[in-house]
Amino acid sequence: MHTIEGSRAATGAAACWMANRAIGLGHDGYGRVLGKGREATLNLASALRESPETLLVLDPSDLNILNFSLVREGEALSQGNARTEACFRLFQKSPNFAISKTEVSCEMMSDFLKRHLTPRKVEIDAPTMICLRIVLMNPFLMTRETVTHYLHEFRSELLGFISQLGLGWPGIFRSGCRCFSPCQKQRLVLRKEPFGRW
């Protein structure tokens, strides 16, 4: 289908203009929304780093996107890729979280990958490294309005999948992680409070 420039509906532009007018582009407007996503990303990255040795979080994560792999220390990259792919297939069947996967070229990103894989003594025997990718877009993940701690639930589900893959460790579901409190494991409750009260 072809259209003439200027003949298309301007609803997208109007919605963007209205949102900018209502929320604002400063640090108290969209800056706050973006900041909450960034805060959630840093908290999840911290929680995953405290998890079993199989989880490798890729740095830097400057935005609200987090990439990680299930490659273990001292193994071939192809083995880690197979494990990561298997975990992705389990997430595809899950009704709780939607994640994607991406592949990092070992040739084009060799310095980046060596920085992550060399300390683990991983043999690079595959052309790409398969990573799981999660984007944290919801600004309410880290707010008091949300009682359920989705980051904790995501981590728990991920570790459960790792256990299903035969890679479980005793005590990996410990409650002492500094990012999560026990009361935040309850089901979703939204308090009726103004949008701006974060």
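Definitions and cut-offs
Residues numbered from 1 in each chain as written. Predicted model: local features only at pLDDT ≥ 70, side-chain atom pairs only at ≥ 80, totals over all residues. Heavy atoms only, no water. Helix = DSSP H or I, 4+ residues; strand = E, 2+ residues; numbered from the N terminus. Buried < 20%, exposed > 50% of the residue type's maximum accessible area, 1.4 Å probe, protein only. Contact = heavy atoms within 4.5 Å. pLDDT = per-residue confidence, 0-100. Core = buried A, V, L, I, M, F, W, Y, C linked by side-chain atoms within 4.5 Å. Pairing = 2+ DSSP bridges. Disulfide = S-S within 2.5 Å. Phe/Tyr/Trp six-rings, centres within 6.5 Å; stacked < 30°, edge-to-face > 60°. Axes fitted to C-alpha atoms, helices over the stretch in contact; angles between N-to-C directions.

Novice: Where do I start with the overall build of the chain in this structure?
Specialist: In terms of regular secondary structure, the chain is built from five helices and four strands. The N-to-C order of helical and strand elements in the chain reads α-α-β-β-α-β-α-β-α. Here the chain, with 198 residues, has 42% of them falling under the buried criterion. Pairs at least 24 residues apart make up 71% of the contacts formed inside the chain by residues separated by at least 6 positions.

Novice: Sorry, what's going on with the confidence of the model for the chain here?
Specialist: Reading fine detail from the predicted coordinates is not recommended where pLDDT is low. Model confidence for the chain is summarised by a mean pLDDT of 78, while 78% of its residues fall at 70 or above. Confidence drops under pLDDT 50 across residues 168–198; counting only partners more than four residues distant or on other chains, this segment forms 68 contacts.

Novice: So what exactly am I meant to see when it comes to the nonpolar core here?
Specialist: Side chains that are nonpolar tend, in soluble globular proteins, to be buried together. If you look at the biggest cluster of nonpolar residues, it comprises 26 residues, and the most contacted ones within it are Phe68, Phe154 and Leu158. Looking at this core, the elements that each hand over two or more residues are α2 (30–49), β2 (65–69), α3 (77–93), β4 (128–135) and α5 (150–167). Ranked by residues supplied to this core, first place goes to α5 with six residues. Setting aside residues no more than four positions away along its own chain, Phe154 makes contact with Leu44, Phe68, Phe91, Phe97, Ile99 and Ile134. With 13 residues, the next largest nonpolar core counts Val71, Val104, Leu117 and Val122 among its residues.

Novice: Whenever I open this one, the pairing of β4 confuses me. Can you help?
Specialist: As a general feature of sheets, a regular strand has side chains that alternate between the two faces. The sheet contact formed by β2 and β4 spans four bridges and is antiparallel. Looking at the pairing, Leu66 lines up with Ile134 of β4.

Novice: For this particular structure, what's the right way to read the state of the cysteines?
Specialist: Linking two cysteines covalently through their sulfur atoms gives a disulfide. A full pass over the atoms with the stated rule returns zero disulfides. Just so you know, Cys106 is unpaired, no disulfide at all, and the nearest cysteine sulfur is the one on Cys131, 9.5 Å from it. Judged by its relative accessible area of 14%, Cys106 falls in the buried class. Judged by relative accessible area, which is 0%, Cys131 ranks as buried.

Novice: Honestly, the packing of aromatic side chains in this entry has me stumped. Any pointers?
Specialist: What describes a pair of aromatic rings is the distance from one ring centre to the other and the angle between the planes of the rings. Enumeration according to the criterion identifies four aromatic pairs in this entry. Taking the centre distance of 6.4 Å and the plane angle of 75° together, the rings of Phe68 and Phe154 count as edge-to-face. Residue Phe68 is found in strand β2, and its partner Phe154 is found in helix α5; the two are separated by 86 residues along the sequence. For Phe68, a relative accessible area of 0% corresponds to the buried category. Plain terms: the ring middles of Phe91 and Phe154 are 5.4 Å apart, the flat faces sit at 20° to each other, and that makes the pair stacked. Here Phe91, found in helix α3, pairs with Phe154, found in helix α5; they are 63 residues apart in sequence, far enough to count as distant. For Phe91, a relative accessible area of 3% gives the class buried. Here a set of aromatic residues connected by ring pairs shows up, and it is made of Phe68, Phe91, Phe97, Phe154 and Phe161.

Novice: Please explain the environment of Ala76 as it appears in this structure.
Specialist: The residue Ala76 is located in the loop between β2 and α3 in this model. Sequence separation of Ala76 and Asp125 is 49 residues, and the distance between their C-alpha atoms is 6.3 Å. Every residue in contact with Ala76, bar those within four places of it in the chain, is listed here: Val71, Val122, Glu123 and Asp125.

Novice: What's the story with the sheet that holds β2 in this structure? I'm lost.
Specialist: Neighbouring strands of a sheet are bound in pairs by backbone hydrogen bonds; such pairs are parallel or else antiparallel. Spatial strand order, β1-β2-β4-β3: four strands in an open sheet with antiparallel pairing. Of all the strands in the sheet, just β1 (56–57) and β3 (100–105) have a single pairing partner and so form its edges. Sheet strands touched by α3: β2, β3 and β4. Its angle to β4, the strand with the most contacts, is close to 35°.

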